[in-house]
Amino acid sequence: MKQADTKVEKGDDSLQQYISKTPASQEAFKRAARVVPGGNSRQAGYWAPYPLTIKNASGAWVTDTDGNRYIDLLNNYTALVHGHAYAPITDAVAKQIGNGTCWAAINEAQTDLAEQLTNRVSSIEQVRFTNSGTEAGILALIIARETTGRQKILMARGGYHGSLLEFESGFFGKPGPMTYLGEYGDSDSFRHQLKQHGDEIAAVFLEPVMGASGIIAASPEFLNEVKQATHEAGALFVLDEVLTFRLAEGGRQQTLGFDPDLTTFGKLIGGGFPVGAVGASRELMRIFDPADLKAFHTGTFNANPVTMVAGSASVRELTAERIEIMERQAGQLKNGLIDIARETGLALTINHVGSLLNLFFTDKQGGIHHDRDDLDIIRRFHLACLNEGLFIAPRGLMALSTVFDDALIEQCLEKAKKAMQQTAREIA
Ligand SMILES: Cc1ncc(COP(=O)(O)O)c(C=O)c1O
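Quick caveat, the model's predicted, so the values are computed rather than measured. (Residues numbered from 1 in each chain as written. Predicted model: local features only at pLDDT ≥ 70, side-chain atom pairs only at ≥ 80, totals over all residues. Heavy atoms only, no water.)

### A look at the domain arrangement of the chain
Okay, so step 1: According to the domain assignment, the chain contains domain 1 (13-81 + 319-427) and domain 2 (87-317).
Okay, so step 2: The C-alpha-based centres of domain 1 and domain 2 are spaced at 27 Å.
Okay, so step 3: Facing 28 residues of domain 1, the contacting portion of domain 2 comprises 23 residues.
Okay, so step 4: The interface formed by domain 1 and domain 2 holds one salt bridge in total.
Okay, so step 5: Across the pair E317 and R322 runs a salt bridge, and its minimum N-O distance is 3.0 Å.
Okay, so step 6: At the junction of domain 1 with domain 2, the criterion picks out eight residue pairs in polar contact (both at pLDDT 80 or more). (Domains from an automatic or database assignment. Contact = heavy atoms within 4.5 Å. Salt bridge = Lys/Arg side-chain N within 4 Å of Asp/Glu carboxyl O. Polar contact = N/O pair within 3.5 Å; in protein donor to acceptor, adjacent residues only side chain to side chain.)

Set out below in structure tokens:
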């Protein structure tokens, strides 16, 4: 396995500083990369020349193996909506671990979490749990295939529904053997695909806000038009709320007044533990009824009680009031960042929905991740942020947690200001 390339070009001062500040992370990466390709089991946790190795995390802060501290403005790609080691979650988990961690029978924590989800999300009556958002997508596809007798999917170019070939081809913008693509926001393009290939398509998958492509929000009109065309073609509509459930107590669908056939969940509903779920009407979920089994779904760790108690606490503690506070703080952060960019002379566009932001160093509005023309600037800014003690995604995604206060937002802005000034000096 190729080791970290730590050659530094002249003027790449943020990279030089990053390497100087993180020798223990570099060593830890070299050791990891000998036995794990890329040193990591997830592409999203990698950046060049090597990612940090984190030693511990608490509240809004993470500490790396060199002892550097960072404000966590990513929160495991939105999953940790209450930050790290949140007491209501760790208390529930510690208690559960003492009472056993998994068994091949029912646990009541599963019912608690399922009740919370079905109470909050009006389009669903029942849920089934999985161990990841990817698996939730697979399960939704199983339901759609069994219900329609068809095999293929239609999704948005640049949409992301998990690490499965059918979904990844869409994310990378190429139709695949099982995947047709429409253009996000353009219902005619979906209608066209459904007219041409409707008799092969089991389900249309859409995110109400495209996350991996840079926080791009759909209008309710777009979603409703696609849903209507989907139903006319005899297919099912799957709304992927893996990332967006944090945006309202009842998910983004509550805000938009939109009723999908199936909803997928993940991330925050596990309280920091591996999770996914599919929710739908009782009628659609009947295929899993053991008395009249049509589709087989099982999994050794599905709905294990540790994940379920953590998820229950995470969902219970995510109140409408806290969601509103995060949204206000994200607005403060956005405005502050725009002001700093203006002062520093950098072009900056920020996509913002609720507690989620994505930065693009460009004047262009919209910003689809794969088409971005600011890759060099965002790479420098990301490293400069880390050097200042601000942990964000390499692609410029930021996700708040409920443990932020206004003073911490100010600290984020101070750190981001230094990082932007450094970036501006480097590209001048
Ligand atoms: C919208 C969306 N769907 C599905 C997934 C897949 O979830 P997981 O990484 O838990 O498999 C993700 C992960 O980032 C996501 O953002």
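There's more to say after this.
### Section: unusual backbone geometry
What you tend to see is this: most non-glycine residues have negative phi, and most peptide bonds are trans.
Okay, so step 1: The linkage connecting A48 with the following residue, P49, adopts the cis geometry, with an omega of 5°.
Okay, so step 2: Relative to the assigned elements, P49 resides in the loop between α2 (23-35) and β1 (54-58).
Okay, so step 3: The phi torsion at A85 lies on the positive side, around 50°, for a residue other than glycine.
Okay, so step 4: Along the chain, A85 turns up in the loop between β3 (69-72) and α3 (87-98).
Okay, so step 5: Assessed through its relative accessible area of 52%, A85 is described here as exposed.
Okay, so step 6: Even without a glycine there, the phi angle at A303 is positive, about 55°.
Okay, so step 7: Within the secondary structure, A303 sits in the loop between α10 (282-285) and α11 (305-317).
Okay, so step 8: Residue class for A303 comes out buried when judged on its relative accessible area of 7%. (Helix = DSSP H or I, 4+ residues; strand = E, 2+ residues; numbered from the N terminus. Buried < 20%, exposed > 50% of the residue type's maximum accessible area, 1.4 Å probe, protein only.)

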